[in-house]
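Structure at a glance
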Amino acid sequence: MPLSQLTAEYTTGDGSTWEHERARLEEIHPGKLARIRAEILAGHFPPVPLDHDEKRAVDGHHRIVAALQLGVLVVPVVDAWADTAWMGHPSVWGADG
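The structure contained in this document is the topic of the report that follows. (Residues numbered from 1 in each chain as written. Predicted model: local features only at pLDDT ≥ 70, side-chain atom pairs only at ≥ 80, totals over all residues. Heavy atoms only, no water.)

**With respect to the overall build of the protein**
Assigned secondary structure in the protein consists of 4 helices and 3 strands. Secondary structure elements of the protein occur, N-terminal to C-terminal, as α-α-α-β-β-α-β. Put simply, the protein has 97 residues, and 36% of those count as buried. The contacts of the protein with a sequence gap of at least 6 include a subset with a gap of at least 24, amounting to 72%. (Helix = DSSP H or I, 4+ residues; strand = E, 2+ residues; numbered from the N terminus. Buried < 20%, exposed > 50% of the residue type's maximum accessible area, 1.4 Å probe, protein only. Contact = heavy atoms within 4.5 Å.)

In structure tokens form, the structure reads like this:
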């Protein structure tokens, strides 16, 4: 999905804007974002699970922010409830956001 479409059509889920989320994560998790940027540049970008009904990102906020920082145009996404394989991914438990 185009990243611009994701950030325009889907929320963070907590009422904040993606720009606010970006600033917040840059302040509190700069090292984690740096690691995720390196992973994205190396070709590792697990899909971001989206809730299409509620129009929100269920997980993957760090990946979205890292993609914004890198100027990535397209990000992989998955329907959060139709394809639950993402739930076993370490990002759900805080490993890579």
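**Overview of the packing of helix α3 (residues 30-41) against helix α4 (residues 61-70)**
In helix packing, the relevant descriptors are the interaxial angle and the interaxial distance, both defined with respect to the helix axes. Two elements in contact, α3 and α4, have axes whose closest approach is 9 Å; the angle formed by their N-to-C orientations is 70°. Classed by the angle they form, the pair α3 and α4 counts as roughly perpendicular. Residue-level inspection shows Lys 32, Leu 33, Ile 36, Arg 37, Ile 40 and Leu 41 of α3 in contact with α4, the latter providing His 62, Arg 63, Val 65, Ala 66, Ala 67, Gln 69 and Leu 70. Looking at the contact of α3 with α4, its residues break down into 8 nonpolar, 2 polar and 3 charged. (Axes fitted to C-alpha atoms, helices over the stretch in contact; angles between N-to-C directions. Parallel < 35°, antiparallel > 145°, perpendicular 65-115°, else oblique. Nonpolar A, V, L, I, M, F, W, Y, C, P; charged D, E, K, R; others polar.)

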